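Fold and geometry: a report
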Amino acid sequence: MPHDRDIYCKSLARWGEDAQFQQAIEECAELIVTLQHFARGRVERQTVIDELADVSLMVGQLAYMFGEAELEAAIDKKIAKLQRLLAEE
């Protein structure tokens, strides 16, 4: 998500880290509720996509805040673990 660094930097400068942490929590909670509603047929697919977009933007900000290289390294480890688990089956 390097192409979004400028907007992440501006968001952090305007609202601060604490507000962005809270926003990330709120967006994740909204996605959880939306997924539950989707599973019950109460919302459309586009609603899930919209919530995923919100969460994706917040994850991008969190990655920017915590360090994109560290996140990529952690993702690589998780993918390797998933590959091992899938190979065992």
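Above this text sits the structure in question.
One numbering rule holds for all chains: residues counted from 1, following each sequence as written. In keeping with the model being predicted, local features are shown solely for residues with a pLDDT of at least 70 and side-chain atom pairs are shown and tallied solely at 80 or more, while totals for entire chains, interfaces and linings include all residues. Computation of side-chain values: all heavy atoms of the structure, hydrogens and water removed.

**Here we look at helix 1 (residues 5-39)**
With 35 residues, helix 1 ought to run about 51 Å at 1.5 Å a step, yet its terminal C-alpha atoms sit only 34 Å apart, falling short of that. Note on contacts: a residue pair qualifies if any of its non-hydrogen atoms lie within 4.5 Å across the two residues. Starting at the N terminus, helices and strands are each numbered in turn, a helix being any DSSP run of H or I of at least four residues and a strand any DSSP run of E of at least two. On its buried face, helix 1 sits against helix 2 (45-66). Positive backbone phi, approximately 75 degrees, marks Gly41, located one or two places after helix 1. Given a helix with a known number of residues, its expected span is that number minus one, times 1.5 Å.

**Digging into the packing of helix 1 against helix 2**
Lines fitted to the C-alpha atoms define the axes, with helices restricted to the stretch that makes contact. Angles between their N-to-C directions range from 0 to 180 degrees. Between helix 1 and helix 2, the least distance of the axes is 7 Å, while the angle of their chain directions is 145 degrees. As for the relative orientation of helix 1 and helix 2, their crossing is left-handed in sense. Across the contact of helix 1 with helix 2, the residue classes break down as 18 nonpolar, seven polar and seven charged. The handedness criterion is simple: a crossing whose near helix is rotated anticlockwise from the far helix by less than a right angle is left-handed, and one whose near helix is rotated clockwise is right-handed. Each residue is assigned to one of three groups, with Ala, Val, Leu, Ile, Met, Phe, Trp, Tyr, Cys and Pro labelled nonpolar, Asp, Glu, Lys and Arg labelled charged, and all others, Gly among them, labelled polar.

**Overview of the pattern of salt bridges**
Salt bridge criterion: a side-chain nitrogen from Lys or Arg within 4 Å of a carboxyl oxygen from Asp or Glu. Tallied over the entire structure, the rule returns two salt bridges. Of the charged contacts, one joins Lys10 and Asp6 as a salt bridge, the two residues approaching to 3.2 Å between their closest N and O atoms. Remark: Asp6 and Lys10 occur in helix 1; sequence separation between them is four residues, near one turn of the helix. Accessibility here uses a 1.4 Å probe with only protein chains present; expressed as a share of the type maximum, an area under 20% marks a residue as buried, one over 50% as exposed, and anything in between as partly exposed. On the accessibility criterion, Lys10 (51% relative accessible area) is exposed.

**Describing a nonpolar patch on the surface**
Side chains of Leu71, Ile75 and Ile79 sit close together on the surface and give an oily, nonpolar patch of about 210 Å² of accessible area. Counting through the fold element by element, Leu71 comes out in helix 3 (residues 68-88). Surface patches are defined over residues having more than 30% relative accessible area and no salt bridge, joining like charges when they lie within 9 Å and nonpolar side chains (Val, Leu, Ile, Met, Phe, Trp, Tyr) when within 5 Å. To measure how exposed things are, a 1.4 Å probe is used in the Shrake-Rupley method; for residues, cover is taken only from the protein chains shown.

**Points about the packing of aromatic side chains**
Working definition: a ring pair exists when centres of Phe, Tyr or Trp rings (six-membered ring for Trp) sit within 6.5 Å. Plane angles under 30 degrees give stacked, over 60 give edge-to-face, the rest tilted. A full pass over the atoms with the stated rule returns two aromatic pairs. Residues Tyr8 and Tyr64 carry aromatic rings whose centres are separated by 6.3 Å and whose planes lie at 55 degrees to one another, so their mutual orientation is tilted. Of the two residues, Tyr8 sits in helix 1 while Tyr64 sits in helix 2, which places them 56 residues apart along the sequence. Measuring from centroid to centroid gives 5.9 Å for Phe21 and Phe66, while their planes differ by 40 degrees, and the two rings are tilted. One end of the pair, Phe21, is in helix 1; the other, Phe66, is in helix 2, with 45 residues separating them in the sequence. Judged by its relative accessible area of 27%, Phe21 falls in the partly exposed class.

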